[in-house]
Structure formats: structure tokens, C-alpha cells
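Topology and contacts: notes
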Amino acid sequence: MAVKIRLTRIGRHKDPFYRVVAADSHYARDGRIVEQIGTYDPAKGLKAAEINEELALKWLANGAIPTGTAKAILSDKGIIAKATAKKAGK
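Note that the structure is a prediction, hence the values are computed from the model and not measured.

As for the overall build of the protein
When helices and strands are tallied, the protein shows three helices and five strands. Listing each helix as α and each strand as β along the protein from the N terminus yields β-β-β-β-α-β-α-α. Relative to the globule expectation of 12 Å for 90 residues, the C-alpha radius of gyration of the protein, 13 Å, shows essentially globular dimensions. In terms of overall dimensions, the protein has a C-alpha envelope of 45 × 30 × 20 Å along the principal axes. Buried residues in the protein amount to 33% of all 90 residues. Here the contacts in the protein between residues at least 6 apart in sequence split such that 35% fall between residues at least 24 apart. Working note: accessible area of the protein is about 5,700 Å², and carbon and sulfur atoms make up 52% of it.

Side note on unusual backbone geometry
One non-glycine residue with positive phi stands out, namely Lys 14, at about 60°. Here Lys 14 lies in the loop between strand E1 (3-9) and strand E2 (18-24).

Quick notes on the sheet that holds strand E3 (residues 35-40)
Reading across from one edge, E4-E3-E2-E1-E5 is the order of the five strands in this open sheet, with mixed pairing throughout. With one partner strand each, in any of the chains shown, strand E4 (50-51) and strand E5 (65-66) form the two edges of the open sheet. In terms of strand pairing, E2 meets E3 through five bridges, oriented antiparallel. Each bridged residue has a counterpart across the sheet, and for Ala 22 the counterpart in E3 is Glu 35. Each of E1, E2, E3, E4 and E5 is contacted by helix H2 (residues 68-76), which is oriented at about 95° to E1, the strand it contacts most.

Details of the layout of surface pockets
Taken as a whole, the largest pocket spans an internal volume of roughly 290 Å³. Broken down by secondary-structure element, the contributors of at least two residues to the lining of the largest pocket are helix H1 (53-61), E5 and helix H3 (79-89). A total of five residues in the lining of the largest pocket trace back to one element, the largest contributor, which is H3. Each residue belonging to the lining of the largest pocket can be placed in one class, and the counts come to eight nonpolar, two polar and four charged.

Cut-offs and rules
Residues numbered from 1 in each chain as written. Predicted model: local features only at pLDDT ≥ 70, side-chain atom pairs only at ≥ 80, totals over all residues. Heavy atoms only, no water. Helix = DSSP H or I, 4+ residues; strand = E, 2+ residues; numbered from the N terminus. Rg over C-alpha atoms; globule rule 2.2 N^0.38 Å. Buried < 20%, exposed > 50% of the residue type's maximum accessible area, 1.4 Å probe, protein only. Contact = heavy atoms within 4.5 Å. Areas by Shrake-Rupley, 256 points an atom, 1.4 Å probe, with all protein chains shown as cover. Pairing = 2+ DSSP bridges. Axes fitted to C-alpha atoms, helices over the stretch in contact; angles between N-to-C directions. 1 Å grid on protein atoms, 1.4 Å probe; cavity = no way out; pocket = protein on both sides within 12 Å on 5 of 7 lines; lining within 4 Å. Points joined across faces, edges and corners; volume = space filled by probe spheres on them. Nonpolar A, V, L, I, M, F, W, Y, C, P; charged D, E, K, R; others polar.

Here you go:
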């Protein structure tokens, strides 16, 4: 199973709101997910995104690959740097 960290849209028409999730890459964007990691409101920007750091680090350690926007959110929160530091420390 190829797991990706990506966004799932739950907002209404012309008012986007996203969940940051770990999902199998073979399923649809809004399809079955493995676990919810956080939320992101593009109207408020990257700084207002809420991410469960513990879950994000767990999925990154298990080999999940973040998509472009998810990687930007995780980088802004400093989670990508922590994950690479942990990986380098092994």
C-alpha cells in the first residue's frame, strides 16, 4: 500500500476547507482515508493550519510521501525538518 499525506476537500462551493490525511494513493481524493492528521483553511493561510505533529512524524517515518501542498504545510510547521533529522540520526 503506497501511503501519501495529502489534502481532502470538505469545504462548500467556493469556500474551500481541507483535512490533511494519510491515504492510500490508489483511492480518490475524497475517498477512503487511513488517518486524519490535521486541517487547513487556505483563507487563513499556512500559519493557521493545525497539524498533529506526532501523527505526521509517525506517517513520515513509516514511508508516507507528502504531496506538494501537504509538504509546504508540514515544512512551515517544521515537521519535515524533524523527520529528516530523526532519519539522519538513525
